[in-house]
Amino acid sequence: AQSVTQLGSHVSVSEGALVLLRCNYSSSVPPYLFWYVQYPNQGLQLLLKYTSAATLVKGINGFEAEFKKSETSFHLTKPSAHMSDAAEYFCAVSPTNSGGSNYKLTFGKGTLLTVNP
Amino acid sequence: NAGVTQTPKFQVLKTGQSMTLQCAQDMNHNSMYWYRQDPGMGLRLIYYSASEGTTDKGEVPNGYNVSRLNKREFSLRLESAAPSQTSVYFCASSERRGANEKLFFGSGTQLSVL
């Protein structure tokens, strides 16, 4: 069975500082990996996804994530935080051997990012 | 572009009451999903519809039913609401059902069951 762990339910950074949100997965085979963002009172939006091509994935709004098989990690980073980045971020994993369906997509519990002026 | 539209945005029910959450997408997507979001729990899949005419149970289907009315619409019904169903409900859609597909989410329905 697959699972995803997000370390830190709440991360606080200063505007202009590095953003690092951690995600580790457990899966019998290298999975597909996603980061979604949820702004207040909105649904989730896809930031980026890893689908076994390049291990460094660039997403929207300056975010990127690196797939590290040896560490079973897919941490999300952004060099310089902006006030508009304040939101909740979810890591998600989908097994590549799920018979071609994403109904086994598993979300982490989320990390709330606060950006201080 | 409307994307995925959910109604209502807020609802308060008494225990035992029934209601239907409505969801419609205008992106001609084949697959649709209902999730619930609880504090500290992430999102959990209730039901999904891989394509028009099919529905399947997800991780937490008990107490819910769904109807894929047509390609655009996917409704979620609570026949006899319970306090444990207090949650935020999200409808989502994807072009196909593939494991690497991007999900598009509605803005959610906040449901309280007293």
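Going along each chain's sequence as written, the residues are numbered from 1 onward. Whichever chain is written first becomes A and whichever ligand is written first becomes 1, with later ones labelled in order. Local features are withheld for residues below a pLDDT of 70 in this predicted model, meaning they are given only at 70 or higher, and side-chain atom pairs are given and counted only at 80 or more; totals for whole chains, interfaces and linings count all residues. Here the side-chain values reflect all heavy atoms present in the structure, with hydrogen atoms and water set aside.

Caption draft 1: Looking closely at the environment of Leu114(B). Mapped onto the secondary structure, Leu114(B) falls in the segment after β11 (109-113). In contact with Leu114(B), not counting residues within four places along its chain, are Val12(B), Leu13(B), Lys14(B) and Thr15(B). Helix and strand definitions follow DSSP, with helices as H or I runs of at least four residues and strands as E runs of at least two, each counted in order from the N terminus. Residues are treated as being in contact if the distance between any of their heavy atoms lies within 4.5 Å.

Caption draft 2: Structural view of the interface of chain B and chain A. Taken together, the contact between chain B and chain A spans 22 residues of the former and 24 residues of the latter. Basic side-chain nitrogens of Lys or Arg form a salt bridge, by our definition, when they fall within 4 Å of a carboxyl oxygen of Asp or Glu. Linking chain B with chain A are zero salt bridges, by the criterion used here. No other element matches the four residues that strand β5 (residues 42-49) of chain B contributes to the side of chain B that touches chain A.

Caption draft 3: How the structure looks around the sheet that holds strand β1 (residues 4-7) of chain B. Residues and elements named next belong to chain B. Only strands joined by at least two bridges in the DSSP assignment are considered to pair. With antiparallel pairing, four strands are arranged side by side in an open sheet as β1-β3-β8-β7. Since the sheet does not close on itself, it has two edges, and those belong to β1 and β7 (64-68), each with one partner. Between one strand and the next, the sheet's axes are offset by a mean angle of 15 degrees, whatever the strand orientation. Examined bridge by bridge, strand β3 (residues 19-25) and strand β8 (residues 74-78) share three bridges and lie antiparallel to one another. Bridging from a neighbouring strand, Met19 pairs with Leu78 of β8. Only the stretch in contact is used when a helix axis is fitted, and all axes are lines through C-alpha atoms; the angle between N-to-C directions ranges over 0 to 180 degrees.

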